[in-house]
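Here is how the chains run, residue by residue.
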Amino acid sequence: MSSNSDAPTKKKAMVIVTIGMAGAGKSTFVQRINSYLHSKDSPPYVLNLDPAVAFLPFEANIDIRDTVNYKEVMKQYNLGPNGGILTALNLFTTKFDQVLSLVEKRSHSIDYVILDTPGQIEIFTWSASGAIITDAIASSLPTVVAYIIDTPRASAPATFMSNMLYACSILYKTKLPFILVFNKTDVQPHDFALEWMHDFEAFQEALATHGGTRDAEGEPTYMNSLMNSMSLVLDEFYKHLKAVGVSSVTGDGIKEFFDAVEASREEYETQYVPDLERARATREKALQDAKSDSMDRMMKDLEVDRAQHPEAAAQDRWDPEEENEEGEDEDVDINIIDRSEERWPGEYIDVTRAQRHGDEGIHWPRPG
């Protein structure tokens, strides 16, 4: 007879953080993968973190708009659109422990958690609130970053290089498993992008034939030289990236995307988790060292003070060498008592309103 311990334990839900430039199709992509998972009888847990979105093509389990009113934030704090989004996200982050608690409760009954981030990419990727949300959820559940790229727009070498540089910066900032998602492949296939990533000379050729790469004298422009240099730098970066092409309209490539997500789970467990544990150990050690250093400095200050004022030291009622002769436990826990509802000695009492009762302990003389 097999025991319950022999049964395979269910994996924790995988978190997919969707990030991308404005107009890359993040929300449409989230709608497509949400629909795909529902068709597989595995509905995900969806979080919308864009407070300014007017319409969502999917039903979010947790919506920032239910917590923070973006327009009211703009009015109250006298902010513009980007400042309003950033402040709304900051306010929502103060309650993210509750969000995380809800997600963790569902993590064993679902397979995927999906985060749809604001369209203004820098608001989430480079703000303190975005880092807090990403670090908090990645420290609890396996997490992968899906960087959404507008494939037709990336067909220009300069736009392609801009996307790659942004992807590189996000990867090294989050240190999480990373997937390049070339969206809108129904408009233009992403084969050219894969070729540019794997063949440096192919990108060089495309760059040379693209208009505006040479000045009036026929010499390469500064931008052309910069992109040539950056393509060499990013050549090693490309080797460690997963890239898939999808169409959020037709659903093409969605299965391949989830294959890449599952492959990222192992990367999370073998690379990110050990780094996270080392970082925690380093922080705890630094905190302990700081406490020890503070205690050492305090004890040294006390010794100097006693040496300079021996008469005060002699009257010191605390003796660190004193032993407990009565055998009492020195490690007795002391409970903090809140007396805020009780009267304290010397508290003002209005005599004209005073009444005789036992709580005050005051006996007022009767007239006559």
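Residues numbered from 1 in each chain as written. Predicted model: local features only at pLDDT ≥ 70, side-chain atom pairs only at ≥ 80, totals over all residues. Heavy atoms only, no water.

1. Some points on the overall build of the protein chain
Looking only at helices and strands, the protein chain has 13 helices and seven strands in total. Counted over contacts in the protein chain with a minimum sequence separation of 6, partners at least 24 positions apart contribute 73%. Accessible surface for the protein chain amounts to roughly 23,000 Å². Of this, 51% is attributable to carbon and sulfur atoms. (Helix = DSSP H or I, 4+ residues; strand = E, 2+ residues; numbered from the N terminus. Contact = heavy atoms within 4.5 Å. Areas by Shrake-Rupley, 256 points an atom, 1.4 Å probe, with all protein chains shown as cover.)

2. Some details on the packing of helix α3 (residues 81–93) against helix α6 (residues 128–138)
Helices that pack against each other are described as a pair by the angle of their axes relative to one another and the distance between those axes. Two elements in contact, α3 and α6, have axes separated by 9 Å at closest approach and are oriented at 40 degrees. With respect to each other, α3 and α6 are oriented oblique. The hand of the α3/α6 crossing is left-handed. On α6, the residues that touch L86, L89, N90 and T93 of α3 are S129, I132 and I133. Of the residues that constitute the contact of α3 with α6, the class distribution is four nonpolar, three polar and no charged. (Axes fitted to C-alpha atoms, helices over the stretch in contact; angles between N-to-C directions. Parallel < 35°, antiparallel > 145°, perpendicular 65-115°, else oblique. Left-handed = near helix turned anticlockwise from the far one by under 90°. Nonpolar A, V, L, I, M, F, W, Y, C, P; charged D, E, K, R; others polar.)

3. Notes on α6
Among all positions of α6, only S129, G130, I133, T134, I137 and A138 are buried. Looking straight down α6, one finds that the buried residues subtend no more than 150 degrees of arc, so they occupy a single side. (Buried < 20%, exposed > 50% of the residue type's maximum accessible area, 1.4 Å probe, protein only. Arc of directions from axis to C-beta.)

4. So, the confidence of the model for the protein chain
On average, residues of the protein chain carry a pLDDT of 81, and 79% of them reach 70 or more. For residues 331–352, every residue scores under 50 in pLDDT, and the model assigns this stretch six contacts once sequence neighbours within four places are set aside. (pLDDT = per-residue confidence, 0-100.)

5. Some thoughts on the side chain of R265
Assignment of secondary structure puts R265 in helix α12 (residues 254–308). Leaving out residues up to four positions away in the same chain, R265 has contacts with K11, K12, M14, D111 and P142.

6. Overview of the nonpolar core
One finds V113, L115, Y147, F160, F178, L180 and Y238 to be the most contacted residues of the largest nonpolar core, which totals 62 residues. Looking at this core element by element, the count peaks at eight residues for helix α7 (residues 157–174). Setting aside chain neighbours within four positions, we find L180 in contact with Y147, I149, M164, A167, M197, L241, K242, A243 and V244. (Core = buried A, V, L, I, M, F, W, Y, C linked by side-chain atoms within 4.5 Å.)

7. Topic: the pairing of strand β6 (residues 178–183)
Counting buried positions over the six residues of β6 gives six, a clear majority of the element. Where burial is concerned, the two faces of β6 agree: the one with F178, L180 and F182 and the one with I179, V181 and N183 are both buried. In terms of strand pairing, strand β5 (residues 143–150) meets β6 through six bridges, oriented parallel. Directly across from D150, in β6, lies its bridge partner N183. A crossover links β5 with its parallel partner β6, the connecting element being α7, and its sense is right-handed. Judged from the four bridges that link them, β6 and strand β7 (residues 242–245) form a sheet pairing that is parallel. (Pairing = 2+ DSSP bridges. Right-handed = clockwise from strand over helix to strand, strands pointing away.)

8. What to know about helix α1 (residues 26–39)
Each turn of an α-helix holds 3.6 residues, which means side chains three or four residues apart point in the same direction. With 14 residues, α1 extends 20 Å from end C-alpha to end C-alpha; this agrees with the ideal 20 Å at 1.5 Å per step. Those residues of α1 lying buried are K26, F29, V30, I33, N34 and L37. Buried positions in α1, seen along its axis, are confined to an arc of 135 degrees and lie on one side of it. D41 sits one or two residues past α1 and shows a positive phi near 55 degrees. (Expected span 1.5 Å × (residues − 1).)

9. Digging into the pattern of salt bridges
Throughout the structure, instances matching the rule amount to nine salt bridges. Measuring nitrogen to oxygen at the nearest pair gives 2.7 Å for the salt bridge that ties R65 to D63. The residue E236 makes a salt bridge to K239 at a minimum N-O spacing of 3.4 Å. Of the residues examined, E236 reaches a relative accessible area of 45% and is grouped as partly exposed. What makes K239 exposed here is its relative accessible area of 58%. (Salt bridge = Lys/Arg side-chain N within 4 Å of Asp/Glu carboxyl O.)

10. Some remarks on the sheet that holds β6
Pairing in this open sheet of seven strands is parallel, and the strands run β3-β2-β4-β1-β5-β6-β7 from one edge to the other. Two strands bound the open sheet, and with one partner strand each, they are β3 (62–63) and β7. Packed on one face of the sheet, α1 meets β1 (14–20), β2 (45–48), β4 (112–116), β5 and β6 and runs near 165 degrees to β4. Running over the sheet, α12 touches β1, β4, β5, β6 and β7 and is turned about 165 degrees from β7.

11. Focus on unusual backbone geometry
Of note in the backbone geometry, D41 takes a positive phi value of approximately 55 degrees without being a glycine. Residues other than glycine seldom take positive phi values, yet N78 does so here, at roughly 55 degrees.

12. Some words on the packing of helix α2 (residues 70–77) against α3
At a closest axis distance of 9 Å, the pairing of α2 and α3 adopts a crossing angle of 110 degrees. In terms of axis orientation, α2 runs roughly perpendicular to α3. Contacts from Y70, V73, M74 and Y77 of α2 reach α3 at P81, G84, I85, T87, A88 and L91. Residues belonging to the contact of α2 with α3 are distributed by class as follows: eight nonpolar, two polar and no charged.

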